[in-house]
Amino acid sequence: MRHLSSLLLCLFLFAAPALANASEEVRSLLKDKIDAVLMLIQDQTMDKALRDDQIITIITPVFDYQTMAKLSLGKKYWPTLSQTKQEEFSDLFIERLQQSYLEKLDLYSDEKILYGEPQTKGKKVYQPTTLISKDSRIDMLYKFYRAAEEWKIYDVEIGGVSIIQTYRSQFDGVLSEGTIDDLLEKLKTDGAFVIPAPDAEAARAGSE
Amino acid sequence: MDRPTSIGGAKLSLILIVLVTSLSGCATHATVTDQPAPFVVQPETFTPQVNEDEFELEAEFEEAATEPVSDPLSGYNRVMTQVNDKLYFWMLKPVSQGYGAVVPEGVRLAVGRAFRNLLMPVRFTNNLLQLKPKRAGTELVRFVLNSTIGVLGLGDPAAESFGLQAYPEDFGQTLGHYGIGGGFHIVLPLLGPSNLRDTLGRVPDSYLDPINYIDDSKTQLAVRVYSQVNRTSLHIGEYESLKKDSVDFYTFLRDGYEQHRKQQIKD
């Protein structure tokens, strides 16, 4: 009992300042993750498959993939699915998100990232960043919410385009005309073609 | 130095007419509220493992869904998206890749900066029209620095040495700034996704684009194509990647475009 109360005291002492400084916490959390990913990308000697695995291991704790999967279908569709279909959808969707993230990393290599002032909105914290690449600046907004005891990303906006929002409207389009099986089929097959590497030869092989 | 008034009285008054006509419509345009409507939990319609946090997050996306993109031309738009897709894969991409294989990246980046430098009058004028004189001033200073020290805009010393970033604005954004909605979505041949407002906005902007003042129409076209090829050569793989991510590419491009423009207008 004494142990429990001292534990609670500890939790209280440490949790209170952490919450008060939520935005700072989110910024350093994101920065640590991105720095770790950038370090891996800059290591040219590393095997790509191994590197990709490590990148996913780094970012997985900070992305709330399950919630992203639910949000992408929304309450209009998610609750109507059986648990098996929910799981099948989530697996496919999460795989797609991760592959998409890795591919985007392949497209950029020498970017610099600026971190803006985090904006607190209730239980949510938005962390704006700017990605400076060779010839452009792209605003990226990482949207965090407080999940249990951690901050988790539930959406990312790239140049104002919300990943979840665009998936929602696409999925809504498919589901309003077809069934969940149609959508699952599309998630399995669509986009299965290979993305060209930036160098010319590999790219030509991958074009339509 | 090009001054915006030097484009001629007739053209300027056209801009003003468009602006004034558009302004008259802004009073009726609904504004987006910041506060999401409180979300009512209906436990019986949900699986039990869904927690309350997710409802709060859900509300954010439902709010956005209440303003669907107006798309009466979706049939035509989908066809034109296909046409543009083929033009990209069959013409623009192979040409850009060939060009990129021959011309070093450093040169292509410099050429891209020079073309962007030339569009200063568009950014300057639209910043002024949106009553952002400081940004307009920055655009002028950038133009002077980059055209001289930066050698015809090939370099960007204004950003690199003076920390002065460009403030891209176009007439579509200016109209949006004054509350004009996008109107219906329309996919333009070659140019891709747009909407009624932004398509109309191209007209006044074109008067501020120096390339339009090249007399010989063949040269003018060649310069435009070259600019596009140069830009594409620096972004090979991005279009493909977006296409691969999507389940319904047309819907993705359409909604992505409209969301992106909203963001640009907000800045």
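Above this text you will find the structure in question.
Residues numbered from 1 in each chain as written. Chains lettered and ligands numbered in written order. Predicted model: local features only at pLDDT ≥ 70, side-chain atom pairs only at ≥ 80, totals over all residues. Heavy atoms only, no water.

Counting 60 residues, the largest nonpolar core has A:L73, A:F89, A:F171 and A:L183 as its most contacted members. Other than its neighbours up to four places away in sequence, A:F89 contacts A:A69, A:S72, A:L73, A:W78, A:F171, A:L183, A:L184 and A:L187. (Core = buried A, V, L, I, M, F, W, Y, C linked by side-chain atoms within 4.5 Å. Buried < 20%, exposed > 50% of the residue type's maximum accessible area, 1.4 Å probe, protein only. Contact = heavy atoms within 4.5 Å.)

We now examine the interface of chain B and chain A. Contact with chain B, which involves 47 residues of that partner, is made by 54 residues of chain A. For the chain B and chain A pair, buried surface summed over both sides reaches about 4,600 Å², with 52% attributable to carbon and sulfur atoms. Three residues stand out in chain B for area buried against chain A, namely B:F61, B:K244 and B:V247, and they jointly supply 18% of the buried area on that side. Counting every contact that joins chain B to chain A gives 22 residue pairs in polar contact (both at pLDDT 80 or more). Counted by class, the side of chain B that touches chain A contains 14 nonpolar, 14 polar and 19 charged residues. (Buried area = accessible area lost by both parts, 1.4 Å probe. Polar contact = N/O pair within 3.5 Å; in protein donor to acceptor, adjacent residues only side chain to side chain. Nonpolar A, V, L, I, M, F, W, Y, C, P; charged D, E, K, R; others polar.)

Attention shifts here to helix α3 (residues 74-102) of chain B. Here α3(B) spans 40 Å end to end across 29 residues, near enough to the 42 Å set by a 1.5 Å rise per residue. Taken as a whole, α3(B) carries its principal kink of about 45° at B:Y88. (Helix = DSSP H or I, 4+ residues; strand = E, 2+ residues; numbered from the N terminus. Expected span 1.5 Å × (residues − 1). Bend = angle between axes of the 7 residues up to and from the residue.)

Residue and element names in this part refer to chain A. Between helix α5 (residues 83-107) and helix α7 (residues 180-189), the shortest axis-to-axis distance is 10 Å and the interhelical angle comes to 25°. Of the possible angle classes, the one that applies to α5 and α7 is roughly parallel. Between α5 and α7 the crossing geometry is left-handed. Residue-level inspection shows K85, E88, F89, L92 and R96 of α5 in contact with α7, the latter providing I180, D181, L183, L184, K186, L187 and K188. (Axes fitted to C-alpha atoms, helices over the stretch in contact; angles between N-to-C directions. Parallel < 35°, antiparallel > 145°, perpendicular 65-115°, else oblique. Left-handed = near helix turned anticlockwise from the far one by under 90°.)

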